[in-house]
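So the chains spell out like this:
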Amino acid sequence: MSSSTGSAHSGSTVITNIATLVTNDPSLGSGTPLGLIRDAAVVIDGDRIAWTGESSKAPATDNRVDAGGRAVLPGFVDSHSHLLFAGDRTEEFNARMSGRPYSAGGIRTTVAATRAATDAELEANLTRHLREALRQGTTTFETKSGYGLTTADESRALRIAARHTDEVTFLGAHVVAPELADDPAAYVDLVTGEMLDACAPHARWIDVFCEQGAFDGDQARAILTAGKARGLHPRIHANQLTHGPGVRLAVELDAASADHCTHLTDADVDALAHSDTVATLLPGAEFSTRAEWPDARRLLDAGATVALSTDCNPGSSFTSSVPFCVALAVRDMGMTPDEAVWAATAGGAAALRREDIGRLAPGAYADLTLLDAPSHVHLAYRPGVPLVAGVWRRGVRAV
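Okay, so let's go over this structure. If you're wondering where the values come from, they're calculated on a predicted model, not measured in any experiment.

Moving on to the overall build of the protein. When you go through the protein residue by residue, the secondary structure sums to 13 helices and 17 strands. Radius of gyration (C-alpha) of the protein: 21 Å, near the 21 Å computed for a compact globule of 399 residues. With the C-alpha coordinates aligned to their principal axes, the bounding extent of the protein is approximately 70 × 45 × 45 Å. Sequence-distant contacts in the protein: of pairs separated by 6 or more residues, those separated by 24 or more amount to 70%.

Here you go:
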């Protein structure tokens, strides 16, 4: 297979001899949501997709890449991650998996390590995980603050993140800062005041962990409403550990996504199905905590839009692998392989309210993943196997 890694071709490039091309454009190919085209080709011009179709009909281009009978799909859109942190929580994980009680650790461990880290250390950790994700086919990622919990530490995390992605989320409301543990109202005032003022210029989104032990519905509404007033759009950690008000609040405030969605009432499911709020499922968290799986089948059958993401974080889901999450969703959450791949690409794009990523159709960004397999189904069929053979991001071969 030709084409050099990390360099852009001048002019247009056709990738031909694609066994199965996932476009996520239902008007193409098979007419299904994946818009599958067999024996396909795709043309890249600059940083955009210029053409897709059958390989025999591909137009002339300046450069040609032979996919060798492999599958091509849109780059994965990881719409929920927590990559601005220092340290790890190996001991906590080991204790949890060994069935031992573990009183130390938790998010406070990461907060302490993150506050103590230099900007250079935080950025180095971020870029290491981004390279890791890219090798596994992720071309767009969202990431959050939330491990600083002071005005200075939250704003510096967002400044660092903004150098690497447009999808930056202010999560000062992850948990109450340890120094204000006895006065959560004061911490909400800080998050909605001085901290928001410092962080809003560096973020697109605002998020809150609406859960017992974190922030209740009234606190979450106050935080997200303050963020909206500053031009940030809401997303929310909702209904992960218990039934709660998070999903209904997400729909009420037109949040782009309600994330986790593990414990849902029929009313929650109905609200999501009749809204523009995406249900973002994060199976890495359930895998890593031995918790109950979200019921993707229930959401899909109701008509809700579902995304899959990694939730990459050092405490509860320390994986950057979207293919792994696809396999989990198919095995344990009731999704078909087609549904899981759509959720990890177009679904993630919907959770970021983007139409220029997550699909391979003319005008979209040329973000493509080449699998060392003839079909996208192999992502679930061959779990744990490094199937990603090539990645183009914005038209440039990156892997």
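Next up on the list: the pattern of salt bridges. Opposite charge on two side chains allows them to pair when their charged atoms are near. Overall, the coordinates contain 23 salt bridges when judged by the stated rule. The shortest N-O distance in the salt bridge between Asp266 and Arg298 comes to 2.8 Å. Within this pair, whereas Asp266 is found in helix H8 (residues 266-273), its partner Arg298 is found in helix H10 (residues 296-302), the two being separated by 32 residues in sequence. Given a relative accessible area of 63%, Asp266 falls into the exposed group. For Arg331, the salt bridge goes to Asp332, with nearest N and O atoms at 2.8 Å. On the basis of relative accessibility, which here comes to 27%, the residue Asp332 falls in the partly exposed class.

For Asp254, which is not a glycine, the phi torsion comes out positive at approximately 55°. On the secondary structure map, Asp254 appears in the loop between helix H7 (246-252) and strand E12 (257-260). Residue classification places Asp254 among the partly exposed residues on the basis of a relative accessible area of 32%.

Taken N-terminus to C-terminus, the directions of helix H3 (residues 119-135) and helix H4 (residues 151-162) make an angle of 45°; their axes are 10 Å apart at the nearest point. Relative to H4, the element H3 lies oblique. Judged by the twist between their axes, the crossing of H3 over H4 is right-handed. On H4, the residues that touch Asp119, Leu122, Glu123 and Leu126 of H3 are Arg156, Ile160 and Ala161. Grouping the constituent residues of the contact of H3 with H4 by class yields four nonpolar, no polar and three charged.

Before going further, it helps to spend a moment on the packing of helix H5 (residues 184-199) against helix H6 (residues 217-229). Between H5 and H6, whose axes approach to 10 Å, the crossing angle comes to 10°. Judged by the inter-axis angle, H5 sits roughly parallel to H6. Where H5 abuts H6, its residues Pro184, Val188, Val191, Thr192 and Leu196 lie against Gln219, Ala222, Ile223, Ala226 and Gly227. Of the residues in the contact of H5 with H6, the class split is seven nonpolar, three polar and no charged.

All right, on to the environment of Arg135 then. Counting through the fold element by element, Arg135 comes out in helix H3. Separated by 253 residues in sequence, Arg135 and Val388 place their C-alpha atoms 7.1 Å apart. Apart from residues no more than four positions distant in its own chain, Arg135 is found in contact with Val388 and Val399.

Of the positions making up H8, those classed as buried are Asp268, Val269, Ala271, Leu272 and Ala273. In this structure, the buried side of H8 is in contact with H7, E12, strand E13 (278-281) and H10.

On to the sheet that holds strand E3 (residues 48-54), then. Spatially, the seven strands line up as an open sheet ordered E3-E2-E1-E4-E15-E16-E17, and their pairing is mixed. Strands with a single pairing partner mark the edges of an open sheet, and in this sheet they are E3 and strand E17 (396-397). Of the pairings in the sheet, the one linking strand E16 (residues 388-393) to E17 comprises two bridges and is antiparallel in character. Paired with Arg393 across the bridge in E17 is Val396.

What counts as what
- Residues numbered from 1 in each chain as written.
- Predicted model: local features only at pLDDT ≥ 70, side-chain atom pairs only at ≥ 80, totals over all residues.
- Heavy atoms only, no water.
- Helix = DSSP H or I, 4+ residues; strand = E, 2+ residues; numbered from the N terminus.
- Rg over C-alpha atoms; globule rule 2.2 N^0.38 Å.
- Contact = heavy atoms within 4.5 Å.
- Salt bridge = Lys/Arg side-chain N within 4 Å of Asp/Glu carboxyl O.
- Buried < 20%, exposed > 50% of the residue type's maximum accessible area, 1.4 Å probe, protein only.
- Axes fitted to C-alpha atoms, helices over the stretch in contact; angles between N-to-C directions.
- Parallel < 35°, antiparallel > 145°, perpendicular 65-115°, else oblique.
- Left-handed = near helix turned anticlockwise from the far one by under 90°.
- Nonpolar A, V, L, I, M, F, W, Y, C, P; charged D, E, K, R; others polar.
- Pairing = 2+ DSSP bridges.

Geometry only, nothing functional implied.
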